[in-house]
Amino acid sequence: MEEASEDSDPGGTPVFRAKYLEHLFSFKKIFLKFEGVNPSGTHKDRAALRHVKYAIEKGYDTISIGTCGNYGVAMSYYSRLLGLKAEVFVPERYHTPKVEVMRQNGAIVNEVAGAYEDAVEISRDIAYENNWYDANPGNATTDLSYEAYSRISYELFQQFGRAPDAVAVPVGNGTTLAGIYIGFLNLKKAGLINNIPRMLGASTTGGNPIVKAFKNKSELMDIKPDNLVESSINEPLIASHAYDGEIGLKAIRESNGFAEYISDNKMMYYKRLIKKEIGLNVLPASTAPLEAIKNTIKFPEENLYVAVITGRA
């Protein structure tokens, strides 16, 4: 077992001014908060470490999750670091090369038939049968993930000395967006900020219940799996069922926010643009919030937008 150190702790991620995007979108200030500097390369490290520590506190020896890639890498990394066994369930048809990274981290990788949601439900059932810790979204321990992602809000407040006017986040289950929103609510309750930023979400075209509900001005509803088109680019975003969708949708609506779809081609375009203009090698799906910023209504008083770029390539 490796010794945990400050170098293995996630958080404290940097922000970068995106002047070319400001010019391209006609916005005053756009910053990118780059979560790719976290140890395993994504924002998922924040939640993974919190769950692993909690599982150990509660006496579990094994942690179980369903994943499409990044969460499995993060969970396997911190499980190995802190001496916990990791059982990871991945849809067998997924394209992610990160399965091998999970195995290198010592995780037992179980390939299952079906989609991401099937992997989550199988992981959950087997965890219950074997008395493993269930680290999946949408269960009794989801508040730990909200708590972990709320740190992004606190960091943004510290980095800018105030809350941004809008914060844009990639949307899958809605967990990250919900956690950031909760963080800003806590800052407001503490009297540190006066206004909650507009929360902007973005996901793959036609493939996310949260964005669909916002655009259709409807209730949150699952999307039939047959209507989803998966690719190696949109896998981190695509969802038939958004496990934390209700609070994610609430965050967008109550903050007078916005949600947008983005194509694979656009994600690849933004990935190349960020590499050229800022020098960051980002995960294509993590660029989705830029499309939400581009297409949202610009209000005169808003001049500081932040896109949370959730991972490195």
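So, a few notes on the structure that sits alongside this text. All figures in this text were calculated on a predicted structure; none of them were measured in a lab.

### Remarks on the packing of helix 2 (residues 44-57) against helix 6 (residues 142-160)
At step 1: Here helix 2 crosses helix 6 at 135 degrees, and the two axes come no closer than 8 Å. The angle between the axes of helix 2 and helix 6 places the two elements in the oblique class. Between helix 2 and helix 6 lies a crossing of right-handed hand. Residues Lys44, Arg46, Ala47, Arg50, His51 and Tyr54 of helix 2 lie in contact with helix 6, whose contacting residues are Leu144, Ser145, Glu147, Ala148, Tyr149, Arg151, Ile152 and Glu155.

### As for the sheet that holds strand 2 (residues 30-34)
At step 1: As summarised here, the arrangement of the six strands in space is 1-2-10-7-8-9, forming an open sheet in which the pairing is mixed. Two strands bound the open sheet, and with one partner strand each, they are strand 1 (15-17) and strand 9 (258-262). Strand-to-strand twist of the sheet, defined as the mean angle between neighbouring strand axes without regard to direction, takes the value 25 degrees.
At step 2: Relative to strand 9, strand 8 (residues 198-204) runs parallel, the two being bridged by five bridges. In the strand pairing of strand 9, Gly201 is matched with Ala259.
At step 3: Against the sheet, helix 7 (residues 175-189) touches strand 7 (166-170), strand 8 and strand 10 (305-309), its axis set at about 175 degrees to strand 8.

### Brief notes about the pattern of salt bridges
At step 1: Applying the stated criterion across every chain yields a total of 11 salt bridges.
At step 2: The shortest N-O distance in the salt bridge between Asp165 and Arg162 comes to 3.4 Å.
At step 3: By relative accessible area, Asp165 is classed as buried at 17%.
At step 4: A single network of salt bridges, built from pairs that share partners, joins Lys33, Glu35, Arg46 and Glu155.

### Focus on the environment of Pro97
At step 1: Along the chain, the position of Pro97 falls in the loop between strand 4 (85-91) and helix 4 (98-104).
At step 2: Judged by relative accessible area, which is 67%, Pro97 ranks as exposed.
At step 3: Once the C-alpha coordinates of Pro97 and Gly69 are considered, the two residues, 28 residues apart in sequence, prove to be 8.2 Å apart.

### Examining the sheet that holds strand 5 (residues 108-112)
Within a beta sheet, neighbouring strands are joined by backbone hydrogen bonds and run either parallel or antiparallel to one another.
At step 1: Reading across the sheet, the four strands line up as 5-4-3-6 and stay open at both edges, with parallel pairing between neighbours. Of all the strands in the sheet, the pair left with one neighbour each is strand 5 and strand 6 (133-134).
At step 2: For strand 3 (residues 62-66) and strand 4, the ladder comprises five bridges, and the chain directions are parallel. The residue of strand 4 that forms the bridge with Ser64 is Glu87.
At step 3: Taken strand by strand, helix 3 (residues 70-82) contacts strand 3 and strand 4, and its axis lies near 170 degrees from that of strand 3.

### A closer look at the nonpolar core
At step 1: Grouped together as the largest cluster of nonpolar side chains are 59 residues, with contacts concentrated most on Ile30, Leu32, Phe184 and Ile293.
At step 2: Filtering out sequence-adjacent residues up to four positions away, Leu32 remains in contact with Pro14, Val15, Phe16, Ala18, Leu21, Ile274, Ile278, Leu290, Ala307 and Ile309.
At step 3: Residues Leu49, Ala74, Tyr77 and Tyr78 belong to the second largest nonpolar core, which totals 27 residues.

### Some details on the side chain of Asp45
At step 1: Within the fold, Asp45 resides in helix 2.
At step 2: Within the buried core, Asp45 has no salt-bridge partner, and the shortest N-O distance to an opposite charge, that of Arg312, equals 6.9 Å.
At step 3: Apart from residues no more than four positions distant in its own chain, Asp45 is found in contact with Pro10, Asn38, Pro39, Ser40, Ala74 and Tyr78.

### Here we look at the pairing of strand 2
At step 1: For strand 2, a buried count of five out of five residues is recorded, marking the element as mostly surrounded by other parts of the structure.
At step 2: Burial along strand 2 is two-sided: the face carrying Ile30, Leu32 and Phe34 and the face carrying Phe31 and Lys33 are both buried.
At step 3: By the bridge criterion, three bridges tie strand 1 to strand 2 in an arrangement that is antiparallel. When the bridges of strand 2 are listed, Phe16 appears paired with Leu32.
At step 4: Of the pairings in the sheet, the one linking strand 2 to strand 10 comprises five bridges and is parallel in character.

Definitions and limits used
Residues numbered from 1 in each chain as written. Predicted model: local features only at pLDDT ≥ 70, side-chain atom pairs only at ≥ 80, totals over all residues. Heavy atoms only, no water. Axes fitted to C-alpha atoms, helices over the stretch in contact; angles between N-to-C directions. Helix = DSSP H or I, 4+ residues; strand = E, 2+ residues; numbered from the N terminus. Parallel < 35°, antiparallel > 145°, perpendicular 65-115°, else oblique. Left-handed = near helix turned anticlockwise from the far one by under 90°. Contact = heavy atoms within 4.5 Å. Pairing = 2+ DSSP bridges. Salt bridge = Lys/Arg side-chain N within 4 Å of Asp/Glu carboxyl O. Buried < 20%, exposed > 50% of the residue type's maximum accessible area, 1.4 Å probe, protein only. Core = buried A, V, L, I, M, F, W, Y, C linked by side-chain atoms within 4.5 Å. Lys, Arg positive; Asp, Glu negative; His and termini not counted.

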